[in-house]
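Architecture at a glance
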Amino acid sequence: MSSTLSGVGTVVLVGAGKMGMAMAGGWLESGLQAEKLVLVDPTPGDATLAFASKHGLRIAERVDIEPSVLVLAVKPQIIQSVFEQVKPAIGEKTLVVSVVAAISIERMSAGLGTNRIVRTMPNTPAQIGKGVTGAVPGPAANAADRDIAEALLMAAGDVNWFNTESDLDLVTAVSGCGPAYVFHLVEAMAAAGERLGLPEDVSMRLARGTVIGAAALMDADRESSAALLRQNVTSPNGVTAEALKVLMRDPDGLTDLMFETAQAAKARSEELGHD
Ligand SMILES: NC(=O)C1=CN([C@@H]2O[C@H](COP(=O)(O)OP(=O)(O)OC[C@H]3O[C@@H](n4cnc5c(N)ncnc54)[C@H](O)[C@@H]3O)[C@@H](O)[C@H]2O)C=CC1
Ligand SMILES: O=C(O)[C@@H]1CCC=N1
């Protein structure tokens, strides 16, 4: 499949917030010309205004042209009013790519009057091209539509296709929300160091640096499993072994806590879809 965006028509990003802007930079880097990217957002934040100014992008309050690709990146809670706003601009050739959590292809199709839809769940490391995205093609999305969606998503990192839409609730629970779990791990490690007696700023520096380093090591060494990388830290009868007896206890260790966490995300994703 193609991974360059130079041949894609006008992309209109509806919702230029955290997730939308995390992807937009990658699109420009992957060859989408600035004049072919329009940001639609009635209340763009400072980061969005700065990004638009730096790259010479147009920001509009409403969709005022027929897009080749309409990327929906607004909050699910306002999706109905957004459908009403954008529907008149959608033409026969418009492909809709949604990153909106929980909103089904069927609901989008009813709200927008088109079946050419690809529903996706990216994550914020997209901002540095290290995102992972789950994607499901709608029934009327053809091979060319899938190629375009994949090119947009690959500009943000890895793409994983699924056939069953409910799988996106699981993708949301693991990778969509996942960066927040990792950032909270940093907070928890720093808090632990502080409680043990380290100064707050030093503890945070150690925790943050450790997670950055561990992630970079995993990135550099794709051959080794996470389990092997963990074992490499763990000397027999040493210090890490004692620590991991707590973290990996069964039941009630991190595995159970993470399962409960992901279950809560999945349940909320399903619930939002029914609102
Ligand atoms: N933040 C994340 O980690 C991820 C978010 N998502 C999904 O991305 C979507 C957006 O989330 P965030 O970027 O985090 O939220 P956000 O609040 O940062 O961005 C939403 C943007 O939509 C704009 N907006 C509000 N009304 C609008 C309208 N009528 N027309 C156009 N734009 C409008 C807001 O001004 C804001 O800039 C959500 O559906 C979320 O489920 C998906 C994966 C990860
Ligand atoms: O919290 C949310 O609803 C979105 C979905 C995945 C990450 N952020």
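Analysis parameters
Residues numbered from 1 in each chain as written. Chains lettered and ligands numbered in written order. Predicted model: local features only at pLDDT ≥ 70, side-chain atom pairs only at ≥ 80, totals over all residues. UniProt positions renumbered as here; feature names shortened; annotations may be inferred. Near = placed C-beta within 6 Å. Helix = DSSP H or I, 4+ residues; strand = E, 2+ residues; numbered from the N terminus. Nonpolar A, V, L, I, M, F, W, Y, C, P; charged D, E, K, R; others polar. Pairing = 2+ DSSP bridges. Axes fitted to C-alpha atoms, helices over the stretch in contact; angles between N-to-C directions. Contact = placed C-beta atoms within 7 Å. Domains from an automatic or database assignment. Right-handed = clockwise from strand over helix to strand, strands pointing away. Buried ≥ 20, exposed ≤ 12 C-beta atoms within 10 Å, placed from the backbone.

Under an unreviewed UniProt entry, the name given to the protein is Pyrroline-5-carboxylate reductase, and the organism recorded is Devosia pacifica. According to UniProt, the comment filed for the protein under the heading Pathway (unreviewed entry) is "Amino-acid biosynthesis; L-proline biosynthesis; L-proline from L-glutamate 5-semialdehyde: step 1/1."

In this section: the site of ligand 1. Surrounding ligand 1, one finds 27 residues, the nearest of these being Gly15, Gly17, Lys18, Met19 and Ala101. Elements that contribute at least two residues to the shell around ligand 1 include exactly helix 1 (18-29) and helix 3 (79-86). Among the elements that line the shell around ligand 1, the one with the most residues is helix 1, at 3 residues. Per-class residue counts for the shell around ligand 1 are 15 nonpolar, 9 polar and 3 charged.

Let's shift gears to the site of ligand 2. Ala101, Thr172, Gly176 and Cys177 make up every residue found near ligand 2. When its residues are assigned to classes, the shell around ligand 2 shows 2 nonpolar, 2 polar and no charged.

The next point concerns the sheet that holds strand 3 (residues 58-60). If you walk across this open sheet you meet the 8 strands as 3-2-1-4-5-6-7-8, and the pairing is mixed. What marks the edges here is a single partner per strand, and that holds for strand 3 and strand 8 (157-161). Averaged over neighbouring strand pairs, the angle between their axes works out to 25° when direction is ignored. Strand direction decides the pairing type here: strand 5 (residues 95-98) and strand 6 (residues 117-121), joined by 3 bridges, are parallel. Considered in strand 6, the bridge of Val96 is made with Ile117. Where helix 5 (residues 143-154) meets the sheet, it contacts strand 4 (69-72), strand 5, strand 6, strand 7 (131-137) and strand 8, and its direction lies at approximately 40° from that of strand 5.

Turning to the domain arrangement of the protein, a few remarks are in order. Looking at the assigned domains, one finds that the protein contains domain 1 (11-167) and domain 2 (178-274). The centre of domain 1, based on its C-alpha atoms, is set 31 Å off from the matching centre of domain 2. Between domain 1 and domain 2, the residue contacts involve 8 residues of the former and 5 residues of the latter. Here the residues of the side of domain 1 that touches domain 2 sort into 5 nonpolar, 3 polar and no charged.

Turning our eyes to something else, we now look at the pairing of strand 8. Every regular strand shows the same layout, with side chains that alternate between the two sheet faces. As judged from the 5 bridges shared by strand 7 and strand 8, these two strands associate in the parallel manner. For Gly134, the partnering residue across the bridge sits in strand 8 and is Asn160. In terms of handedness, the path from strand 7 via helix 5 over to strand 8 forms a crossover that is right-handed.

This part takes up the UniProt feature "binding site: NADP(+)" (unreviewed entry) in the protein. The feature "binding site: NADP(+)" (unreviewed entry), as annotated in UniProt, sits at Ala73, Val74, Lys75 and Pro76 in this numbering. The exposure class assigned to Val74 is buried, which follows from the 23 C-beta atoms found within 10 Å. Apart from the residues lying within four places of it in its own chain, the contact partners of Val74 are Val14, Gly15, Ile79, Val82 and Val100. Aside from chain neighbours lying at most four places away, what touches Pro76 is Val100, Ala101, Ala102, Ile103 and Leu272.

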